[in-house]
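Descriptive structure summary
Each chain, written out:
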Amino acid sequence: MKKVLLILFYLIPVLSFSQVKDTVYIRFDQRYDEMEKADFTKGVQAGSPDEKLEKSIAYWVRQMEEETYGDTRFRFTHYNQSQKAYNHFGGKPPLILQKHKSFLKNRNTLDINLFRTMPYIKIAKTFEEENSWEEDVMIFMIDEEEIQNDSITLRQVNFTRPVKQ
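Fair warning: this is a prediction, and the values are worked out from it, not measured in the lab.

Parameters at a glance
- Residues numbered from 1 in each chain as written.
- Predicted model: local features only at pLDDT ≥ 70, side-chain atom pairs only at ≥ 80, totals over all residues.
- Heavy atoms only, no water.
- Helix = DSSP H or I, 4+ residues; strand = E, 2+ residues; numbered from the N terminus.
- Buried < 20%, exposed > 50% of the residue type's maximum accessible area, 1.4 Å probe, protein only.
- Contact = heavy atoms within 4.5 Å.
- Areas by Shrake-Rupley, 256 points an atom, 1.4 Å probe, with all protein chains shown as cover.
- Arc of directions from axis to C-beta.
- Salt bridge = Lys/Arg side-chain N within 4 Å of Asp/Glu carboxyl O.
- Polar contact = N/O pair within 3.5 Å; in protein donor to acceptor, adjacent residues only side chain to side chain.
- Phe/Tyr/Trp six-rings, centres within 6.5 Å; stacked < 30°, edge-to-face > 60°.
- Lys NZ or Arg CZ within 6 Å of the ring centre and 35° of its normal.
- Core = buried A, V, L, I, M, F, W, Y, C linked by side-chain atoms within 4.5 Å.

Another aspect to go through is the overall build of the protein chain. When helices and strands are counted, the protein chain shows five helices and eight strands. Written out in order from the N terminus, the α and β elements of the protein chain read α-β-β-α-β-β-α-β-β-α-α-β-β. Residues counted as buried form 35% of the 165 residues belonging to the protein chain. The long-range share in the protein chain, meaning contacts at least 24 apart out of those at least 6 apart in sequence, stands at 63%. When the accessible surface of the protein chain is split by element, carbon and sulfur atoms take 51% of a total near 11,300 Å².

Turning to helix 5 (residues 120-127), a few remarks are in order. Buried residues of helix 5: Tyr 120, Ile 123, Ala 124 and Phe 127, and no others. For helix 5, the arc enclosing every buried residue in end-on projection is 100 degrees, short of the 170-degree limit, so these residues lie on one face. Close packing links the buried residues of helix 5 with strand 1 (22-28), strand 4 (73-78), strand 6 (109-110), helix 4 (112-117), strand 7 (137-143) and strand 8 (151-160).

Glancing now at the pattern of salt bridges. For the structure on display, the rule yields eleven salt bridges. Here Lys 37 ties to Glu 145 by a salt bridge, and the two come within 2.9 Å at their closest N and O atoms. Of the two residues, Lys 37 sits in strand 2 (residues 35-39) while Glu 145 sits in the loop between strand 7 and strand 8, which places them 108 residues apart along the sequence. Note on Glu 145: relative accessible area 55%, which makes it exposed. Where Arg 155 meets Glu 146, a salt bridge forms, and the shortest distance between an N and an O atom there is 2.9 Å. Across this residue pair, the class does not change: Arg 155 and Glu 146 are buried. If you follow the salt bridges from partner to partner, you end up with Lys 37, Asp 143 and Glu 145 in one network.

Looking now at the side chain of Arg 161. Position of Arg 161 relative to the elements: it lies in the segment after strand 8. Within the structure, Arg 161 has its side chain in polar contact with the side chain of Glu 128 (distance 2.5 Å). With residues up to four places along the chain from it excluded, the contact list for Arg 161 reads Arg 73, Phe 74, Tyr 120, Ile 121, Ala 124, Lys 125, Glu 128, Ser 132 and Trp 133.

By convention here, two paired aromatic rings are described through the distance between centres and the angle between planes. Under the definition given, this model contains eleven aromatic pairs. For the pair Phe 76 and Phe 115, a centre-to-centre distance of 6.2 Å together with 80 degrees between the ring planes defines the contact as edge-to-face. Of this pair, Phe 76 sits in strand 4 while Phe 115 sits in helix 4, and the two are 39 residues apart along the sequence. Accessibility expressed as a relative area gives 0% for Phe 76, which makes it buried. Residue class for Phe 115 comes out buried when judged on its relative accessible area of 1%. Taken together through their ring pairs, the aromatic side chains of Phe 74, Phe 76, Phe 115, Tyr 120, Phe 127 and Phe 159 make up a single cluster. Its end group placed over the ring of Trp 60, Arg 73 keeps NZ or CZ at 4.4 Å from the ring centre. Note that Arg 107 overlies the ring of Phe 103, its terminal NZ or CZ placed 3.8 Å from the centroid.

The next point concerns the nonpolar core. The biggest cluster of nonpolar side chains holds 21 residues, and the ones touching the most others in it are Ile 26, Phe 76, Phe 127 and Ile 139. Put simply, the parts of the chain that give this core at least two residues each are strand 1, strand 3 (57-62), strand 4, helix 4, helix 5, strand 7 and strand 8. Leave out the neighbours within four places in its chain, and Phe 127 touches Val 24, Ile 26, Phe 76, Leu 110, Glu 134, Glu 135, Asp 136, Val 137, Ile 139 and Phe 159. Of all hydrophobic cores here, the second largest spans seven residues; its members include Phe 103, Leu 104, Phe 140 and Ile 152.

Without other data, these values stay purely geometric and don't point to any function.
Here is the structure:
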């Protein structure tokens, strides 16, 4: 009995403080008018001329709920800084994963239809904690333009919702 209690004593803090984030995959296809992206690597690179930086991209998906006011796009940002900035301010670069296309076979991927059919607040809560604007999932963008042969690129992104007025 003492061994069981001792194990529980050590396990409870581990179980209560370790949170594994769910992972969300989004297929991004700029052929849709509601989706657009911008590569802003050159702007970031200008501040770090001594180091070749990975690509930085902003992806936007238009918010399609009727009676939209204020900002009208959900933003997903893949932002790379210099290693000097990470060393000085902390943090780490977003993940860039190269996978075989079969990687997504048994994974649920989201696409334009989520943004077309789901109300604003439900979309926001797909990516955010309850009663907070903080992200509680890990999000990877799959850009259709980066799919080559049997290989896909997964870019970790941060979510920002449009502010309703």
